[in-house]
Amino acid sequence: MSLFNVCNWWSAQCSDLDENYDVASLLCARFGLDEQEKDYIVVGSHTGQLSIYYPSYEQDANGNSVGYKATDLLLEIQTEHPILGVYAGRFSANNRKENTNQLALLHPNSLVIYNIMHVGGVAEHGSQLSLQQLTEYRFARTAFSFCKGHFGKVKGREFFCVVHLDGSLTFFEQDGISYECKFPGHRALPTPVVYCERTDCFFRLASAWNLECYTYQDLSHSSINKSHYQPIWSVCLGEGILDMNVVQVKTDYASIMVLGERNFISVSDTGKVEFILKLDYAPKCFHSFVVGYYWEPTARLVTIIVSESSKVFIYENANVMWAAQFKHESPVAIQRSNLMGLPGGIVTLGPKGKLRIGYLGSDPYIFQVPPLNMEELTFQQAHDEFMQLEQEIKEATDIQDMKAINEKAYSDVQIMFSIEQNTNDEADTMLMDIPAHVTLKDLPICSGQLKWQTKCDLSELQVVFNMPDGIKCSQDSLTYTGVKAGTKEVMDLDFYICDLLHFPTARVEAIISFISTRGIPRVIHKSAFLPLNMFFKTRQPQKAAAIKLTFNIKGNEDATKLTNFFSEFVSWESEVQALGLVLLTTADESQEEIITIVAAKNSNRIRSNFVNSRIICSDSFCFFQSWEESMAAGIDMLHHYGPLNRSKNAATENNMIDAPGNHDTFDYTRFRKHFSTFFDRIIRLAFNDAKTANMTEIKMEPQPMAQTAVVETAPDLSTETWHDILNVKPMQTTVGAVKRLKPFQKSCTLEAVEDDDEENAEDDEDAEDLRKMGYKKEYGCKEKSNGDESEWLNEDFKLPSSEELFSDLGIWW
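Throughout, a residue's number is its position along its own chain's written sequence, starting from 1. In keeping with the model being predicted, local features are shown solely for residues with a pLDDT of at least 70 and side-chain atom pairs are shown and tallied solely at 80 or more, while totals for entire chains, interfaces and linings include all residues. Remark: hydrogens and water are excluded; side-chain values derive from all non-hydrogen atoms of the structure.

Brief notes about the overall build of the protein chain
In step 1: Each helix is a run of DSSP H or I of at least 4 residues and each strand a run of E of at least 2, with the numbering of both proceeding from the N terminus. Scanning the protein chain for helices and strands turns up twelve helices and 44 strands.
In step 2: Accessible area is worked out with a 1.4 Å probe on protein chains only. A residue is then buried under 20% of its type maximum, exposed over 50%, and partly exposed in between. Across the 813 residues of the protein chain, 43% fall into the buried class.
In step 3: Surface exposure of the protein chain reaches about 45800 Å², of which carbon and sulfur atoms provide 50%. Computed with the Shrake-Rupley method and a 1.4 Å probe, the accessible areas treat only the protein chains shown as cover for residues.

What to know about the sheet that holds strand β9 (residues 128-138)
In step 1: Strands were regarded as paired on the criterion that DSSP finds at least two bridges between them. Spatially, four strands are ordered β6-β7-β8-β9 in an open sheet, and the strand pairing comes out antiparallel. Each edge of the open sheet is held by one strand with a lone partner, namely β6 (85-89) and β9. Adjacent strand axes in the sheet meet at a mean angle of 30°, parallel and antiparallel pairs treated alike.
In step 2: Of the pairings in the sheet, the one linking strand β7 (residues 102-106) to strand β8 (residues 110-119) comprises four bridges and is antiparallel in character. Following the sheet pairing, A104 is matched in β8 by I113. A fitted line through C-alpha atoms serves as each axis, taken over the contacting stretch for helices, and the angle formed by two N-to-C directions is quoted from 0 to 180°.

Re the pairing of strand β16 (residues 210-215)
In step 1: Burial analysis of β16 places six of its six residues in the buried class, the great majority of the element.
In step 2: Judged by which residues are buried, β16 turns out to be covered on both faces: N210, E212 and Y214 on one side and L211, C213 and T215 on the other are all buried.
In step 3: Pairing geometry for strand β15 (residues 201-205) and β16, over five bridges, is antiparallel. Note that in β16 the partner of F203 across the bridge is C213.
In step 4: Counting the residues that bridge the hairpin from β15 to β16 gives four residues, and of these W209 lies at a positive phi of roughly 60°.
In step 5: Sheet topology places β16 next to strand β17 (residues 233-236); four bridges connect them, and they run antiparallel. Note that in β17 the partner of E212 across the bridge is S234.

Thoughts on the confidence of the model for the protein chain
In step 1: pLDDT runs from 0 to 100 and stands for how confident the predictor is about each residue. Mean pLDDT over the protein chain: 77, with 73% of residues reaching 70 or higher.
In step 2: Per-element confidence in the protein chain is highest for strand β3 (residues 40-44), whose mean pLDDT is 95, and lowest for strand β44 (residues 750-751), whose mean pLDDT is 34.
In step 3: Segment residues 613-623: pLDDT under 50, and 37 contacts once partners within four positions in sequence are set aside and those in other chains are kept.
In step 4: Under a pLDDT of 50 for its full length, residues 731-763 has, in the predicted model, 70 contacts with residues more than four places off or in other chains. In what follows, a contact means two residues having at least one pair of non-hydrogen atoms within 4.5 Å.

Details of the packing of aromatic side chains
In step 1: Any pair of Phe, Tyr and Trp rings, taking the six-membered ring for Trp, is counted once the centres come within 6.5 Å. Such a pair is stacked with planes under 30 degrees apart, edge-to-face with planes over 60 apart, and tilted for the rest. Under the counting rule described, the total for this entry stands at 36 aromatic pairs.
In step 2: Measuring from ring centre to ring centre gives 6.4 Å for F151 and F159, while their planes differ by 65°; the resulting arrangement is edge-to-face.
In step 3: Note on F159: relative accessible area 4%, which makes it buried.
In step 4: Where F183 meets Y214, the ring centres are 5.0 Å apart and the plane angle is 45°; that geometry is what we call tilted. Taken as a pair, F183 in the loop between β13 (178-181) and β14 (194-196) and Y214 in strand β16 lie far apart in primary sequence, 31 residues in all.
In step 5: Ring pairing ties together the aromatic residues Y87, F91, Y137, F139, F146, F160 and F172, which thus form one cluster.

Things to note about a nonpolar patch on the surface
In step 1: Only residues above 30% relative accessible area that lack a salt bridge enter a patch, with like-charged residues linked at up to 9 Å and the nonpolar side chains Val, Leu, Ile, Met, Phe, Trp and Tyr linked at up to 5 Å. By salt bridge we mean one thing: a side-chain nitrogen of Lys or Arg within 4 Å of a carboxyl oxygen of Asp or Glu. Residues F4, M321, W322 and L360 make up a contiguous nonpolar surface patch of roughly 310 Å² in combined accessible area.
In step 2: Summarising the element assignment, F4 is placed in strand β1 (residues 4-13).
In step 3: For F4, a relative accessible area of 30% translates into the label partly exposed.

As for the environment of V66
In step 1: Summarising the element assignment, V66 is placed in the loop between β4 (49-53) and β5 (73-78).
In step 2: Judged by its relative accessible area of 42%, V66 is partly exposed.
In step 3: For the pair formed by V66 and S56, sequence separation is ten residues and the distance between their alpha carbons is 9.3 Å.

Overview of the nonpolar core
In step 1: Among the buried residues, those of types Ala, Val, Leu, Ile, Met, Phe, Trp, Tyr and Cys that are joined through side-chain atoms within 4.5 Å form a nonpolar core. Counting residues in each nonpolar core, the largest one holds 53 residues, and the members touching the most others are F417, F495, L530 and F535.
In step 2: Of the residues forming this core, the biggest block, five residues, is contributed by strand β34 (residues 488-497).
In step 3: The contact partners of F535, leaving out residues within four places of it in the chain, are I471, I497, F503, A506, L530, V582, L583, L584 and T585.
In step 4: Counting 19 residues, the second largest nonpolar core, distinct from the first, contains I52, L75, V86 and L103.

A few points about helix α3 (residues 402-412)
In step 1: When we look at burial in α3, the residues that qualify are I405, A409 and D412. Along α3, the residues classed as buried sweep out an arc of 65° about the axis, all on the same side. Exposed and oriented more than 90 degrees from the buried face of α3 are K403 and E407.
In step 2: Here the buried face of α3 lies against β29 (413-424), β30 (445-454), β35 (507-516) and β36 (521-529). Regarding the arc, it is the one traced by the directions from the helix axis to the C-beta atoms.

Re the pattern of salt bridges
In step 1: One pass over the full model with this rule turns up twelve salt bridges.
In step 2: In this structure, R30 and D39 form a salt bridge, with 2.8 Å as the shortest nitrogen-oxygen distance.
In step 3: Across the pair R204 and E212 runs a salt bridge whose closest N-O atoms are separated by 3.2 Å.
In step 4: Members of the salt-bridge network, linked through shared partners, are R141, D166 and E180.

Brief notes about the environment of S459
In step 1: Tracing the backbone through its elements, the reader meets S459 in strand β31 (residues 458-466).
In step 2: Residue S459 is classed as partly exposed on the basis of its relative accessible area, which comes to 34%.
In step 3: On a C-alpha basis, the gap between S459 and T481 in space is 5.6 Å, while along the polypeptide they are 22 residues apart.
In step 4: Other than its neighbours up to four places away in sequence, S459 contacts Y480, T481, G482, I515, S516 and T517.

Some words on unusual backbone geometry
Generally, phi is negative for residues other than glycine and the peptide bonds are trans, each holding for most cases.
In step 1: A positive phi is found at K153, a non-glycine position, where the angle reads about 60°.
In step 2: Assignment of secondary structure puts K153 in the loop between β10 (143-149) and β11 (159-164).
In step 3: When its relative accessible area of 48% is taken as the criterion, K153 is described as partly exposed.
In step 4: Notably, S310 is not glycine yet its phi reads approximately 65°, a positive angle.

Thoughts on the pairing of strand β22 (residues 283-291)
Each regular strand shows side chains that alternate between the opposite faces of the sheet.
In step 1: Judged by how many residues are buried, β22 sits mostly within the fold: seven of nine residues are covered.
In step 2: Of the pairings in the sheet, the one linking β22 to strand β23 (residues 300-307) comprises eight bridges and is antiparallel in character. From the neighbouring strand, F286 faces β23, where its bridge partner is I305.

A look at the sheet that holds β34
In step 1: Taken in spatial order, the four strands of this open sheet run β29-β30-β34-β32, and their pairing is antiparallel. Two strands close off the open sheet at either side, each with one partner strand: β29 and β32 (471-473). Here the average twist between neighbouring strands, direction ignored, is 20°.
In step 2: Strand direction decides the pairing type here: β30 and β34, joined by eight bridges, are antiparallel. Its bridge partner being in β34, L450 is matched across the sheet by M491.
In step 3: α3 contacts β29 and β30 of the sheet and is inclined by roughly 70° relative to β29.

Quick word on the side chain of N20
In step 1: Within the secondary structure, N20 sits in the loop between β1 and β2 (26-29).
In step 2: Of the residues examined, N20 reaches a relative accessible area of 17% and is grouped as buried.

Shown next as structure tokens:
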């Protein structure tokens, strides 16, 4: 905000309250109605409203300006057509008085000349004005702008020229002669055209952004003999213009002042560029005038430019003299006027018809330095203030008692976050940022609500929603500043799927971070779960399964009811013990991934069966587990089963001795050991497979029944990277012949079972319940009858490829 402002002296509101005004809607001129008259202010709107004001200066008993009075409005009429511009000049041939001017109104298809008549007032009502129409000129083409002057250097009367939207010109003389002409070139832009009386020339901006000069003689002769002509000079401006006018600065030359989109340019009437001023703001309108008379050596060229940010800059030539700030919106037109009681007032017209008259000045600085407190500060007061400051610093920096700090944060800002369990299929997806391939799936949408309330003043508060990948919220993050105590806010939310992914969690977390007035930051959060029917739909439970997982649930005897965990699909009164689910967001609908959940009747166990080896887990399905705990079961299976198994005992292959479900607490050290071994075996087999493909010769020892392939192993440099990442020691391996295992069928079933030593009667009952429902336990692999085939080799007597190996492990590329 600038220290200097444009102080308001007089203001009025025009009758048209919409944005129907531009730079040509304002005129400050005299009409010669009185010998000592001042400037009249004429305003015309695009809706046809015409208003004429004559501001007067009066003071009240306190010496303050009264401002606008009803008698300041002398004329207000509604014309039949929009007013594109208002102009004043000697447009009548019958005008006998030297200082009398007529009013010209430019309409889209006509130009009307009026003579202004003065009507004396009765009593205190004041005087008024009336319009007498002199003549009307109609056009065949739509008008754009207007210029006037003593064309051909004719003294005593003025002609005028109308610029049309197609760039053509129409000249009108007072004796009824009119003719048309066009500028040379393939096309002409409908830009303002100005006239210079000293050189009898017209200036216009060409389509190539060149300022061109044409003589009036060339333009008038071209309409008669259809001759071709060219501009007498041209200057490249390099940008579009907002407005331009001609000012007679000295006796020997005049200046064309051009307000461009980024520059303010002055060009003499002979085509010489006087200066180019680059503007560091976006200009909106301008007005140039001469202080003094142009034949005086002390005459000064002054320009007022208004910016989009409601600032006014006053220049003398190219040097800025003054800068001030408007207290209102940026005007669309500005002029300088000599008014009664205010010579040199600044007249502005707002975009909605607010007419203001102001002057440059500054508001008084009302701040006063408070008196010094000279009271003596006692030691006890200083100690109390010091202890108070120390307590505030301790509260802001001490993190010893985090429980108390968190309780205080949740007390300062209370939040309630909930998500409805019912989904909506009729939401307007056009208002949401949902891709086309997701919209075609017709996925459900669920609603939620977040309520928060503050109990203390906060300097800043921010609300953010943390969601899984592929889920979006209709409400973005919000930031509030200057939050007062007791502020309440209720946010209605919509959650929807924006990408077809496998979602590992349904948890949505609302995080609120805030900063107190003392600058202490705090973070609180509240979680809620999206309904499972937003991601899954029910299917018939399947008997076949490639992977089976058994979960032991600690709780009461009714904890294993499916309705406790899948209330979206199973009603409370239902006794269903099996449930089939399929993911809605799968990309290939022809291959559905069905998950079957079976609840035991006589124990707190739930078994989930997967038709393929891609494991899908959610918060409700995996039940209060971390990522390591969720992955531990799959890692243990790969550790005990399949081609990565190193056990020589076939019975060991059918048991998971160290199954994580048998332990009350999760053993992270054991999980890290199996995880390291798993990757170490994958790297070793991948290295052997790559080396076997590049071998040019394989040495085979003759055997009477079968042959043994000897494969040399070499250390792989990439294993060191895995050891560094996992922070484990490398597993020691020995080089030797490949162990021949018995061939296995690809249809073997992987299943997590418990140790034989820990099985009891209750386990047998659970197994019996599962068999009754159509689920059969299968163990081991089927042996082939031909004993000459190697257990490591496939049917074609080749080592398994990486694709075959990882497909059996449940890893898909």
